[in-house]
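Listed below are the residues making up each chain.
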Amino acid sequence: MQKVAYQVEREQKIRTDSLMKRFIMQWDLQLMVLPALLFIIVFSYIPMYGVLMAFQDYNLFKGFAGSPWVGFKHFEMFFKAPEFWTIIRNTIVISLLKLLIGFPAPIILALMLNEIKSRVFKRTVQTISYLPHFLSWVIVSGFVMSMLSTENGSVNMLLQKLSLIQDPVNFLSLPKYFWSILVTTGVWKEIGFSSIVYLAAIAGVDPHMHEAAAIDGASRLRQMFSITLPSILPVIIIFLILAVGNLLSAGFEDILLLGSNPVLRDVGDVIDTYVYRIGIQNNRYSYATAAGLFKSLIGVFLLVGANYAARKSGNSLW
Amino acid sequence: MKSSTGDKILLSSIYTLLALLAFLSFYPFWNAAVISFNNGTDTMKGGITFWPRQFSLENYRVVFEDNRLINGFIISVLRTVIGTISSIAVTAIFAYGMSKSELIGRKPYMVLCVITMYFSGGLIPTFLLIRELHMFNTFWVMVIPGLISVWNMIIFRTFFKGIPAGLEESSKIDGCSNWGVLFRIILPLSGPVVATLALFTAVSHWNDWFTPSIYISDSTLMPIQTKLQQILNSNIMSEQMAQMDSAAQGRMNRMKAVTSKSLSMATMMVATLPILCVYPFVQKYFVKGVMVGSLKE
């Protein structure tokens, strides 16, 4: 392609000019980028730097610069706090339960949807099951409260009809049911939407493999496990790594909304909600930041560790 | 091809399970809608499942007459519209700049962005920053901190890079500036991406109740989701009171709890309605959106 004269001239000029001059020449491009970067520095990097207040006795009136440095005091306090082990246990148990049940559920749904030949039925199931993802946690928690309510709660009515219980049970005020409710609600909200990625991966599987297997006499179930599942394994592993990296984020909005009853604190307190309660509601900023920082550090270790394990198996995030 | 008995059993159980899943996904929503259309005192007797027993629009009348809720609804609409438009515009401009290979400092800029995807200051430092910036109790606290999404920027950038460079070159020869190219050539060609990202941004704006709950105490600035959360929270309280109190008092509190439950169901329906309205139209877009996101990975 022949270059227009002025373009050649410009390119030569660009090569010879100094960096500074070139920078000024593309001021219009820089104007698109620099304000946004400044914005990111203010709203992302300043809080990152602010994490250092975990090592201070932060005082609202003295500010970040004037508050005294105290080293690891708040971390020690957090580790020795009577609620520390309860919080750690809740965080780990809730995360693991969510991972064990919430992670495979959309994969199974995608595998099942893939078997459906009727387009109308498939579309209907997809449309309905994606919907909860778009509802806010406030709405979803409202549904849960309504379903489990002792007054006209559908779950209690069903259980009474089946004669499994005599009187309505107030599920949301009994600690022993809290984890199940949390995990079920999470699966209910996200199962459909999370399956989209796996459905897309399944759509990429070569149909010839299924044909060949069918001729060899493999049943649909067998094909599911021997062809479809191994084919989408790389996708599954990537999402598993991400899930493991988030292992300590046991949930925040759902626990905050469903576990607002103080009776549930023993089973519902996780690091994130603890940080919120101590920091925002009780104004113990430095202490709460220390607890949050502890969580972030473990999270980074988990992510790196999971990725290391995945790399050994041949699939990794980076 | 003939299908074996095993396959038939498998297929029919899959159909059954999926039908059950669809039912379970939909039932809570349906039930809440039914309760919201049922007479409040009648709901107290229990037994409302698939259909209203005493149809009544009373709950909705109360909701629509409550100025605080209407006000919350308006705030929600405002923050969603303003927040989405400004965020998409600013992020698209940013992404266009970043998509240019001649941009000086592109690599360090990108590193600066990507780091924020893995690390953040967390709740408390952000909270204190917002405080320092005097954004407490302002409308803008719901719009400005989330203005730029690095994630959306990367998706935009990937899409912009895929647009043939020839289009840009020819319009530049015709005397178009970079800004002109972005608004006259690039954005009109990016309809699906803009729609997808705008949808997701709008939904997260509409659904966000947490940001206002910690930064806003002025109730005239609270969006409907935060108000709804407060209502639900007070419902739990009164339901608990009903259990603890003596019989007579308990019945009164129970009555209050149940009728306010009907009211909160109606409020929930009102708060969900906008999502339900856009949902059917944008379905094809959000499937695309997830694809864009996963392709990036």
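Residues numbered from 1 in each chain as written. Chains lettered and ligands numbered in written order. Predicted model: local features only at pLDDT ≥ 70, side-chain atom pairs only at ≥ 80, totals over all residues. Heavy atoms only, no water.

- As annotated in an unreviewed UniProt entry, chain B carries the name ABC transporter permease subunit and is attributed to Paenibacillus monticola.
- Entered under Subcellular location (unreviewed entry) in the UniProt record, the comment concerning chain B runs "Cell membrane".
- In its Sequence similarities (unreviewed entry) section, UniProt records this for chain B: "Belongs to the binding-protein-dependent transport system permease family." (UniProt positions renumbered as here; feature names shortened; annotations may be inferred.)

- The name given to chain A in an unreviewed UniProt entry is ABC transporter permease subunit, and the organism recorded there is Paenibacillus monticola.
- According to UniProt, the comment filed for chain A under the heading Subcellular location (unreviewed entry) is "Cell membrane".
- Checking UniProt for chain A, the heading Sequence similarities (unreviewed entry) contains the comment "Belongs to the binding-protein-dependent transport system permease family."

Looking at the overall build of chain A
Okay, step 1: Scanning chain A for helices and strands turns up 18 helices and zero strands.
Okay, step 2: Here chain A has a C-alpha radius of gyration of 27 Å; the compact-globule value for 318 residues is 20 Å, and the former is much larger.
Okay, step 3: With the C-alpha coordinates aligned to their principal axes, the bounding extent of chain A is approximately 85 × 70 × 40 Å.
Okay, step 4: Per-residue burial for chain A yields a buried fraction of 49% across its 318 residues.
Okay, step 5: For chain A, the share of sequence-separated contacts (at least 6 apart) that also reach a separation of at least 24 residues comes to 65%.
Okay, step 6: On chain A, roughly 15,900 Å² of surface is accessible, and the fraction owed to carbon and sulfur atoms is 66%. (Helix = DSSP H or I, 4+ residues; strand = E, 2+ residues; numbered from the N terminus. Rg over C-alpha atoms; globule rule 2.2 N^0.38 Å. Buried < 20%, exposed > 50% of the residue type's maximum accessible area, 1.4 Å probe, protein only. Contact = heavy atoms within 4.5 Å. Areas by Shrake-Rupley, 256 points an atom, 1.4 Å probe, with all protein chains shown as cover.)

Some points on the interface of chain B and chain A
Okay, step 1: Contacts between chain B and chain A engage 101 residues on the former and 96 residues on the latter.
Okay, step 2: Area buried by chain B at its contact with chain A is led by B:Leu18, B:Ile104 and B:Ile124, which between them contribute 8% of it.
Okay, step 3: On the surface where chain B and chain A come into contact, there are 17 residue pairs in polar contact (both at pLDDT 80 or more).
Okay, step 4: Among the elements that take part in the side of chain B that touches chain A, helix α1 (residues 5-36) of chain B stands out by supplying 19 residues, more than any other.
Okay, step 5: Residues that form the side of chain B that touches chain A fall into these classes: 69 nonpolar, 21 polar and eleven charged. (Buried area = accessible area lost by both parts, 1.4 Å probe. Polar contact = N/O pair within 3.5 Å; in protein donor to acceptor, adjacent residues only side chain to side chain. Nonpolar A, V, L, I, M, F, W, Y, C, P; charged D, E, K, R; others polar.)

Section: the UniProt feature "domain: ABC transmembrane type-1" (unreviewed entry) in chain A
Okay, step 1: Following the UniProt record, the feature "domain: ABC transmembrane type-1" (unreviewed entry) maps to residues 88-306 of chain A here.
Okay, step 2: Secondary structure across residues 88-306 of chain A comprises 75% helix and 0% strand; the distance between its end C-alpha atoms is 20 Å.

Structural notes on the pattern of salt bridges
Okay, step 1: One pass over the structure, following the stated rule, counts twelve salt bridges over all chains.
Okay, step 2: A salt bridge links A:Lys295 to A:Asp272; the shortest N-O distance between them is 3.1 Å. Here A:Asp272 lies in helix α17 (residues 271-281) and A:Lys295 lies in helix α18 (residues 285-312), a separation of 23 residues in the sequence. Neither A:Lys295 nor A:Asp272 differs from the other in exposure class; each is buried.
Okay, step 3: Notably, a salt bridge pairs B:Glu65 with B:Arg61, separated by 3.1 Å at the nearest N-O pair. Remark: B:Arg61 and B:Glu65 occur in helix α3 (residues 58-65); sequence separation between them is four residues, near one turn of the helix.
Okay, step 4: Take B:Glu65: its relative accessible area is 52%, and that puts it in the exposed class.
Okay, step 5: When its relative accessible area of 41% is taken as the criterion, B:Arg61 is described as partly exposed. (Salt bridge = Lys/Arg side-chain N within 4 Å of Asp/Glu carboxyl O.)

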